[in-house]
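# Results of the structural survey
Below are the chains, spelled out letter by letter.
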Amino acid sequence: MKALLLSEYKKLEMVDVPVPVPAAGEILIRVEACGICGSDVHGYDGSSGRRIPPIVMGHEAAGIVARVGEAVRTFHEGDRVTFDSTVYCGDCEYCRRNEVNLCDRREVLGVSCGDYRRAGAFAEFVSVPARIAYALPENLSFPEAALLEAVSVALHAVSLVEVKPGSTALVVGAGTIGLLIQQALRVAGCSRVFVTDIDRNRLSLSESLGATATLVSGPNFTNEVLRAANGTGVDLAVEAVGNTAAVQSAIGSVRKGGDVVLVGNVSPEVTFPLQKVVSRQITLHGSCASAGEYPRAIELMSKGEIKVKPLISAVRPLSEGLHWFERLYDREAGLMKVVLEPGAQP
Ligand SMILES: [Zn+2]
Ligand SMILES: [Zn+2]
């Protein structure tokens, strides 16, 4: 089969590799669509250390079951499916508590990090455990379904805080995850959702998706948020960038006793105002991947309550992968989610 291989840092090439054979409990999926995640772009140049070559990346995908391994009864050849990016073991202490994102033997598809190497979905086929797969409704196209992973991540982040009707929220970062969090906050019952970013194009997309108001991040940013939120600060802020400035914006914007959910993690370390967090009794939550949010994500997308189509900039053949990685790596303005199709002809 054809696969897009990261053979060394900043070198992607189409190669021929054997079609994986599904082990017992696994299903072989013909990949119809796989999105390029920001973490793949950070892996591409080696900066994250999580994509040690050689590795076939790709963990935001959907496709059709091509073959089922032994003992698989939940899926059949021809089923339209998506799957979790986390391959959890299903029987460690965390898995048994349904905290599958914290699984002791957790592996992520398309990641190689020293501890393990797990082939991803930038390929014609990928084999995954049936327990991490979900059937897709007919009304979701494969490119849209490729964003279910990101929608689940957004729903999980919002699930960590109690959203009361009428709550106000701030989303820091209007990338794919931020724009999905914005929508998830609305679904959860927030009456006002503010969104901030440095990129005005992204903010106008955010407005078209229903943000109450958008703010360009900058020196006066916190004051503006406080003004917009009745002078006291928002009830909760969700940070979807992962650097010091963004974390500080989130912390500086919540009211006393408020919550900050941290999703972005580009930087291994940030500095934050400890005394403000302590004296204003702000709760910081780390949010990792998702844990059981797929069915709800599928339902919300299927009903149109969470929209992903406006976030998709391009749906192109897998063979153009290198080109699109370069454009994303160069941070081309206006470019959001790029979805690659292994079955499409150039
Ligand atoms: Zn991702
Ligand atoms: Zn486990």
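Provided above is the structure to which this section pertains.
Residues numbered from 1 in each chain as written. Chains lettered and ligands numbered in written order. Predicted model: local features only at pLDDT ≥ 70, side-chain atom pairs only at ≥ 80, totals over all residues. Heavy atoms only, no water.

By the alternation rule, side chains of strand 6 (residues 80-83) split into Arg80 and Thr82 and Val81 and Phe83, which are all buried. Across three bridges, the pairing between strand 5 (residues 60-68) and strand 6 is antiparallel. Bridge assignment links alanine 62 to a residue of strand 6, and that residue is threonine 82. With three bridges joining them, strand 6 and strand 12 (residues 133-135) adopt antiparallel strand pairing. Along strand 12, the bridge assignment pairs phenylalanine 83 with alanine 133. (Buried < 20%, exposed > 50% of the residue type's maximum accessible area, 1.4 Å probe, protein only. Helix = DSSP H or I, 4+ residues; strand = E, 2+ residues; numbered from the N terminus. Pairing = 2+ DSSP bridges.)

Moving on, we get to the coordination of the zinc ion (ligand 1). Donor atoms from the polypeptide that bind the zinc ion (ligand 1) are Cys37 (SG) and His59 (NE2), placed at 2.1 to 2.3 Å. Taken as a pair, cysteine 37 in the loop between strand 3 (26-35) and helix 1 (38-44) and histidine 59 in the loop between strand 4 (55-56) and strand 5 lie far apart in primary sequence, 22 residues in all. For the residue pair cysteine 37 and histidine 59, the accessibility class agrees, reading buried in each case. (Donors = N, O, S within 2.8 Å, 3.2 Å for Na, K, Ca; no water.)

For the rest of this paragraph, the subject is helix 5 (residues 176-188). An ideal rise of 1.5 Å per residue puts 18 Å on 13 residues; helix 5 measures up with 18 Å between its terminal C-alpha atoms. Residues Thr176, Gly178, Leu179, Leu180, Ile181, Gln182, Gln183, Ala184 and Leu185 constitute the buried set of helix 5. Of the surrounding elements, those touching the buried residues of helix 5 are helix 4 (148-159), strand 13 (168-172), strand 14 (192-197), helix 6 (200-208), strand 16 (234-239) and strand 20 (337-341). At the C-terminal side of helix 5, glycine 189 shows a positive phi close to 115°. (Expected span 1.5 Å × (residues − 1). Contact = heavy atoms within 4.5 Å.)

Our next topic: the sheet that holds strand 4. Paired through their backbone hydrogen bonds, the strands of a sheet run either parallel or antiparallel. Read across the sheet, three strands follow the order 2-1-4 without closing on themselves; strand pairing throughout is antiparallel. Every interior strand has two partners, whereas the edge strands, strand 2 (11-16) and strand 4, have only one. Looking at chain direction, strand 1 (residues 2-8) and strand 2 are connected through six bridges and run antiparallel. The residue bridging alanine 3 from the neighbouring strand is valine 15, located in strand 2.

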